[in-house]
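# Chain and residue survey
Residue-level listing of the chains:
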Amino acid sequence: MKLHLLENRNIGSYATFGSYWDKGETTQETFRLTDGRGQSIPVQTEIAARWPDGSVKWARHTADARRLGSHAEVLPGEAAAPERAIRVDECPDGWRIGAGQVTLTVCRAGSDCLAADVCLDGRQRVSRIAPVFLLERRTQHPDGEDIRVRRIPIRVETAEIECAGPLECVVRYTGCYDAPDARMPFVIRMYVGLDAGDIRFDHTFVYHGVEERDFLKGMGLRFHAPLSGAAYNHHVKFVTDAGVFHEPAILMESRIPRTGSAMKEVQLRGGNLSFPAGTPEAELAERVAADLPVWNRYALTQLTADSWALQKRTRPGRCMLNCRYGRRTDGAMAVSGEDGGVMLASRDFWQRHPAGLEAEALGSGEAVCTVWFHSPEAQAYDFRHYDDRAYPYSNYEGFEWYGASADGIAATSQCSLMLVSGHPCDAELRAFSAAVQKPAVYVASPEEYHAKRALGQWSLPCTENEAERSLESVMAGAITFYQGQIEQRRWYGLFDYGDFMHSYDPFRHTWKYDVGGCAWQNTELAPTYWLWLYFLRTGREDVFSLAEAMSRHASETDIYHTGPMKGIGSRHNVRHWGCSCKEPRVSMAGHHRPMLYLTGDRRIGDVLDEVVCAAASLDNVPFYHSGTAEYPVPNVRTGPDWSSLVSNWMTAHERHLDEGCLNRILRGIEGISKAPMRLGSGPAFDFDPQTGRMTYIGEQKRGIHLTLCMGAVQVWMETADAYDHALFKDMLAELGQAYLMTEEERAAAYGDYAKGKNYSMDYVAGALAAFGAKHTGNAELARRAWHTLLLASPRRYTDTPFAGDVYAQTADGTPLTEHDWVSTNYVSQWCLNVIVCLELIREYLPSLQEADRIAAIPANIGK
């Protein structure tokens, strides 16, 4: 498989990427890697997924991107051996990792730190690395509210070498921020690469507190950095949108005795002041330094997406002086002494505000540097719901009972540490920052993924005729529109960044951020699938970044990671955890499999293991109860409930060859196949979470569109293909055909079984109908599939969809745009279905003139 570096991505040190292989293509577990010139590059490989026959489906590779460059090829075979390899040796305090230039000690479980004695070329640059957590506890009293902020002790409960390869060592820690009556779990990974110089961290925080009482005040990672030499040779730098800010702890400029500007100029050029002992220059420097303020603390805080402030002070108890302000900073700093120090950077710094960078004790022999994922300079994060009741009828929230709960939701943040010799120049700090913000991503071409049908059925861009070009233009416009909305509407923040909003209010010229089930999308109608498949077909880096951010958010904040609802997610709401509908379709593995396999992201792997628990957790959700003894968890709909469980089980089976998960899939198919309309029956079946058995309990008068529109079609098609399941393919084709039948045709085919069912939002069935048409050779069904998609086309609203209607402009003249007809449900599903139909039934697409005629037909398409 040939790979290339995505544009606008930066080579830092090590990169992890995936390769995809056809069923039976290779069973070899070792792979070799070559660069663009055909030179062999050392690579470290793990098998990420397998086909049912045991052959390799996806492999995860890690290599030094500095050696790899912009192009690579992966082939089965023996990997080139590195000149030296990482060593991991047990020691009294834990493990000693030797990674070439970098050595460090991994602390054992029971410690209050992650790592110690981090050295570059034998010189200690970091003495200690530890998480830090500040809890704000509010207590209500008759006289008011008592607010106290406490630094919470940490407890590392497990520390394991998750991967000890020749090129990269990964350490996984679990533990908690151990507050009284509020144990906040964490998962932290540390990545150490051979001769990398940098160390990467993934920090996952899980909220487990009382929302009315426990508020997040501060959270981050802290690095103790020894600094050599005099305090005036201790420097700090910050990357900002106003240039690189640079100051020494003591700025060597004095009025009496007068020093002039020579010493200051040396400092601000990044040099060290050095004076021979006993000389007049040395005496002068000592006198001057003793009578100048020592700026010991610098703090950069990105409070909002549009505001950062940099402040400094001399010592605790003194005021903070304002150094500089700006709009957005990427979040990178350097702290160094005479012979070196550290650079630190936090990914998506301003996007995931409120974030911060802090250097304390800069004038001492050991600076304390903190990367704040939630800055304590900001207001404490409030996990409470917006009200103490639900609004199911007026505001489209789930049920009458109150179901808002943040207990078990998470957020994952990333940062990097770079060890340096000397004072890093501005260019070095900027390059480091860029590599953290936009790290290297290696992918194959859309044509190569498409030829192997990686990740299901999807099409390459089609531009052979006017009708195809029109569809492509609309889909490209949809991406551009949402990119603009993220920025225009400021869809940013630690617990929000990556998500879209659900429904638009043209009267207020805003998305319905405050209207119950119409606010945050929370994977409703599978925008994740839309974005990931659009990336696969186009290879666009900007689309990859959209999908990556959405998966990072939705896999953490929209899902419960602990507690009775572990593995289940929350439906769309004003708060991501606010709706009383707790469903597996929000959390299913299919949303994030592309990110796992394309990037090898280990945290996503954790989440996809967690969601396997969803089947058992349904017993704790009132919606799924019936009270019968034999089947305690009925009312599981074929879609989106069972389809989501199938996604989880299929992913677990391909990753771990878990035969229990495969058997649950097969038993479910068998049970559903016995129903009169098979997948069209129900839609609710009795369900046994232990065995996966689905038992027909009759027909219900429910909307069938929910069966298809939450990603079920994509899950089912890929499952049927992976297991080459002929019966299941027939069942899919049958449902695709039944959905687009007229009521008379359904009555003739199924009698009373189809009576009273609501087959609304026909366009969500386009892809499944296309599958049915392809599977059975039914040309009329193919034409119906296109008709229903073109009837729902955004061109029914305007000849130039997504061009944007300007309703106002900002003070600087930037236009503010909207579409009064838009909803993310509609856009996600329409684009997703078009992507599949262009693959399966492209030859049946009518002309542009006919397509526009169809789009002009009056219809209630449903959104």
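As a reminder, the structure under discussion sits directly above these lines.
Predicted model only: the values in this text are computed from it and were never measured.

A few words now on the overall build of the chain. Helix and strand counts for the chain come out as 22 helices and 38 strands. Taking 2.2 N^0.38 as the reference for a compact globule, 863 residues should give roughly 29 Å; the C-alpha atoms of the chain span a radius of gyration of 29 Å, in line with that estimate. Reported as C-alpha extents along the three principal axes, the dimensions of the chain are approximately 105 × 70 × 60 Å. A burial count over the chain gives 62% of its 863 residues as buried. Restricting to contacts in the chain with at least 6 residues of sequence separation, those with at least 24 account for 68%. If you sum the accessible surface of the chain, you get close to 31100 Å²; carbon and sulfur atoms cover 49% of it. On the chain, the mean spot of the 89 positive side-chain charges and the mean spot of the 110 negative ones are 2 Å from each other.

Another aspect to go through is the environment of S346. Relative to the assigned elements, S346 resides in strand β25 (residues 340-346). For S346, a relative accessible area of 4% puts it in the buried group. For the pair S346 and L417, spaced 71 residues apart in the sequence, the C-alpha separation amounts to 9.2 Å. Among all residues touching S346, those that are not within four sequence positions of it are D330, G331, V371, F373, Q414, C415, V436 and Q437.

Let us look at the sheet that holds strand β5 (residues 44-50). Within the open sheet, the three strands sit side by side as β2-β6-β5. Their pairing is antiparallel. Looking at strand neighbours, the two that pair on one side only are β2 (14-20) and β5, the edges of this open sheet. Going across the sheet, the axis of each strand differs from the next one's by a mean of 20°, ignoring polarity.

This paragraph deals with unusual backbone geometry. With an omega of 10°, the peptide bond between G639 and P640 qualifies as cis. For R453, which is not glycine, the phi dihedral falls at a positive 55°. Structurally, the position occupied by R453 is in the loop between α5 (446-451) and α6 (466-488). For R453, a relative accessible area of 36% translates into the label partly exposed. For D724, which is not glycine, the phi dihedral falls at a positive 45°. With respect to the secondary-structure elements, D724 resides in the loop between α16 (712-722) and α17 (726-739).

Glancing now at the sheet that holds strand β29 (residues 442-443). Across the sheet, which stays open at both edges, the five strands sit in the order β4-β3-β7-β1-β29 with antiparallel pairing between neighbours. With one partner strand each, in any of the chains shown, β4 (40-41) and β29 form the two edges of the open sheet. The pairing of strand β3 (residues 31-35) with β4 spans two bridges and is classified as antiparallel. Along β4, the bridge assignment pairs L33 with I41.

With that out of the way, let us pick up the pattern of salt bridges. As enumerated under the stated definition, the model contains 68 salt bridges in all. A salt bridge links D505 to R508, with the shortest nitrogen-to-oxygen separation between them at 2.9 Å. When its relative accessible area of 13% is taken as the criterion, D505 is described as buried. Salt bridges sharing partners connect three or more residues here, namely E160, E162, R172, R189, E556, R603, D606 and E610.

The next subject is the nonpolar core. In a soluble, globular protein the nonpolar side chains are often hidden away together inside. Counting residues in each nonpolar core, the largest one holds 247 residues, and the members touching the most others are W530, W642 and W830. Formed by eleven residues, the second largest nonpolar core is a distinct cluster that contains A332, A334, M418 and L429.

A separate point is the pairing of strand β17 (residues 198-206). Most of β17 is tucked away, with eight of its nine residues classed as buried. With seven bridges joining them, strand β16 (residues 182-193) and β17 adopt antiparallel strand pairing. Within β17, the position partnered with F186 by the bridge is F205. What sits between β16 and β17 in their antiparallel hairpin is a turn of four residues, with D195 showing a positive phi close to 55°. Alignment of β17 against strand β28 (residues 410-420), held across nine bridges, turns out to be antiparallel. What sits directly across from R200, in β28, is S416.

A few words now on the packing of helix α11 (residues 602-610) against helix α13 (residues 638-656). At a minimum axis separation of 9 Å, α11 and α13 run at an interaxial angle of 120°. Regarding the angle of α11 to α13, the classification is oblique. Note on packing geometry: the crossing formed by α11 with α13 is left-handed. Note on element contacts: α13 touches α11 through T651, R655 and H656, opposite G605, L608 and D609. Counted by class, the contact of α11 with α13 contains one nonpolar, three polar and two charged residues.

Now for α16. Extensive coverage of α16 is indicated by the burial of ten of its eleven residues. Here α16 has its buried residues at A712, V713, Q714, V715, W716, M717, E718, T719, A720 and A722.

All right, on to the state of the cysteines then. In protein chemistry, a disulfide is the covalent bond that joins the sulfur atoms of two cysteines. As enumerated under the stated definition, the model contains zero disulfides in all. Its sulfur unpaired, C119 is 12 Å from the next cysteine sulfur, which belongs to C91. Classification of C119 as buried rests on a relative accessible area of 6%.

Within the structure shown, the criterion is met by 44 aromatic pairs. When the centroid spacing of 5.4 Å and the interplanar angle of 75° are considered together, the rings of Y504 and W511 count as edge-to-face. With respect to burial, Y504 and W511 carry one shared label: buried. On the numbers, 6.2 Å between centres and 85° between planes, the contact of W642 with F728 is edge-to-face. Of this pair, W642 sits in helix α13 while F728 sits in helix α17, placing them 86 residues apart in sequence. Note on F728: relative accessible area 0%, which makes it buried. Each member of the aromatic cluster is reached from another via a ring pair, and the members are F481, Y482, W491, F500, Y504, W511, W530, Y763, Y797, F802, W821 and Y826. Here the guanidinium or amino end of R108 rests over the ring plane of W95, the centre of that ring lying 5.4 Å away. It is R328 that lies over the ring of W350; its NZ or CZ is 3.9 Å from the centre.

With twelve residues, helix α4 (residues 426-437) ought to run about 16 Å at 1.5 Å a step, and its terminal C-alpha atoms sit 16 Å apart, in line with that. Among the residues making up α4, those that are buried are L429, F432, S433, A435, V436 and Q437. Of the surrounding secondary structure, the elements contacted by the buried residues of α4 are β19 (235-240), β20 (243-248), β24 (332-337), β25 and β28.

With that out of the way, let us pick up the side chain of R352. With respect to the element layout, R352 can be found in the loop between β25 and β26 (355-360). Although buried, R352 forms no salt bridge, and the nearest oppositely charged side chain, D348, lies 5.4 Å from it. The contacts of R352, once residues within four sequence positions are left out, are R347, F373, A411, T412, S413, G493, L494, Y497 and R552.

The next point concerns the environment of Y723. Residue position: Y723 is located in the loop between α16 and α17. For the pair formed by Y723 and W51, sequence separation is 672 residues and the distance between their alpha carbons is 8.4 Å. Here Y723 is in contact with P52, M650, H653, L662 and I665, once residues within four sequence places are set aside.

At a closest axis distance of 11 Å, the pairing of α6 and helix α21 (residues 824-840) adopts a crossing angle of 145°. For α6 against α21, the interelement crossing comes out left-handed. Between α6, through L471, E472, V474, M475, A478 and Y482, and α21, the contact on the second element is made entirely by T824, V827, W830, C831, V834, I835 and L838. When the residues that make up the contact of α6 with α21 are grouped by side-chain class, the tally is eleven nonpolar, one polar and one charged.

Definitions and cut-offs
- Residues numbered from 1 in each chain as written.
- Predicted model: local features only at pLDDT ≥ 70, side-chain atom pairs only at ≥ 80, totals over all residues.
- Heavy atoms only, no water.
- Helix = DSSP H or I, 4+ residues; strand = E, 2+ residues; numbered from the N terminus.
- Rg over C-alpha atoms; globule rule 2.2 N^0.38 Å.
- Buried < 20%, exposed > 50% of the residue type's maximum accessible area, 1.4 Å probe, protein only.
- Contact = heavy atoms within 4.5 Å.
- Areas by Shrake-Rupley, 256 points an atom, 1.4 Å probe, with all protein chains shown as cover.
- Lys, Arg positive; Asp, Glu negative; His and termini not counted.
- Charge placed at Lys NZ, Arg CZ, Asp CG, Glu CD.
- Pairing = 2+ DSSP bridges.
- Axes fitted to C-alpha atoms, helices over the stretch in contact; angles between N-to-C directions.
- Salt bridge = Lys/Arg side-chain N within 4 Å of Asp/Glu carboxyl O.
- Core = buried A, V, L, I, M, F, W, Y, C linked by side-chain atoms within 4.5 Å.
- Parallel < 35°, antiparallel > 145°, perpendicular 65-115°, else oblique.
- Left-handed = near helix turned anticlockwise from the far one by under 90°.
- Nonpolar A, V, L, I, M, F, W, Y, C, P; charged D, E, K, R; others polar.
- Disulfide = S-S within 2.5 Å.
- Phe/Tyr/Trp six-rings, centres within 6.5 Å; stacked < 30°, edge-to-face > 60°.
- Lys NZ or Arg CZ within 6 Å of the ring centre and 35° of its normal.
- Expected span 1.5 Å × (residues − 1).

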